[in-house]
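Letter by letter, the chains look like this.
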Amino acid sequence: MNYWLMKSEPETYSIADLQQQNETIWDGVRNYQARNFLRQMNEGDLAFFYHSNTNPPNIAGLMRVVKKDIVDPTQFELNSKYYDPKSSSKSPRWQTVVVEFVETFSNPILLSIVKEQFSAEELMLVRQGNRLSVMPVPEAVALKILAIKTS
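Residues numbered from 1 in each chain as written. Predicted model: local features only at pLDDT ≥ 70, side-chain atom pairs only at ≥ 80, totals over all residues. Heavy atoms only, no water.

Trainee: Help me out: how do you make sense of the environment of F48 in this one?
Mentor: Mapped onto the fold, F48 is located in strand β3 (residues 46-51). Remark: the alpha-carbon pair of F48 and M135, spanning 87 residues in sequence, is separated by 9.9 Å. The residues contacting F48, other than those within four sequence positions of it, are W4, L5, M6, I59, G61, L62, M63, F105, V137, A142, I145 and L146. (Helix = DSSP H or I, 4+ residues; strand = E, 2+ residues; numbered from the N terminus. Contact = heavy atoms within 4.5 Å.)

Listed below in structure tokens is the structure:
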């Protein structure tokens, strides 16, 4: 099993939205490096749900990958802000995954705490200028984050 961190602005889609729906397609990723990370995900992998662009930013909960290698349908929707005119159904450029709700952390882990606990070499999230919405989390770091949430 691998671990990941996936960002969403809570006004757009929050951990509460995922909890209510139980599962969702993680659509709209339009960064090639983030897309490549999505392509590496496997069913059963766990992902930290990160609330970005909020005050304070935080790891809000946990979700699980339940389907992989899904073609992101928003790339074909003319009215979508994620529409990609260079993508075709025969050669889609954007793939994603379906995730399911696992848990909401009773005490979200604030970005300030994450920065105190991990270096930029350990966790991409704390790297200066990193804006990726999907990133891997090394197992040792993931286990430490899970330990922080229970303390």
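Trainee: Just checking my understanding: could you explain helix α2 (residues 32-40) for this structure?
Mentor: At 3.6 residues per turn, the α-helix brings residues three or four places apart onto the same side. Residues A34, R35, F37 and L38 constitute the buried set of α2. Each buried residue of α2 sits inside an arc of 155° when the element is viewed along its axis, so together they form one side. Of the surrounding secondary structure, the elements contacted by the buried residues of α2 are β1 (3-8), β5 (95-110) and β6 (134-137). One side-chain oxygen at the N-terminal end of α2 lies 2.9 Å from the backbone nitrogen of Q33; it belongs to N31. (Buried < 20%, exposed > 50% of the residue type's maximum accessible area, 1.4 Å probe, protein only. Arc of directions from axis to C-beta. Polar contact = N/O pair within 3.5 Å; in protein donor to acceptor, adjacent residues only side chain to side chain.)

Trainee: It is not clear to me how the layout of surface pockets should be interpreted in this structure. Could you clarify?
Mentor: Size it by volume and the largest pocket reaches roughly 960 Å³. In this structure, the largest pocket is lined by 30 residues; those nearest its centre are K7, S8, E9, S52 and S133. In terms of residue class, the lining of the largest pocket is made up of eleven nonpolar, eleven polar and eight charged. (1 Å grid on protein atoms, 1.4 Å probe; cavity = no way out; pocket = protein on both sides within 12 Å on 5 of 7 lines; lining within 4 Å. Points joined across faces, edges and corners; volume = space filled by probe spheres on them. Nonpolar A, V, L, I, M, F, W, Y, C, P; charged D, E, K, R; others polar.)

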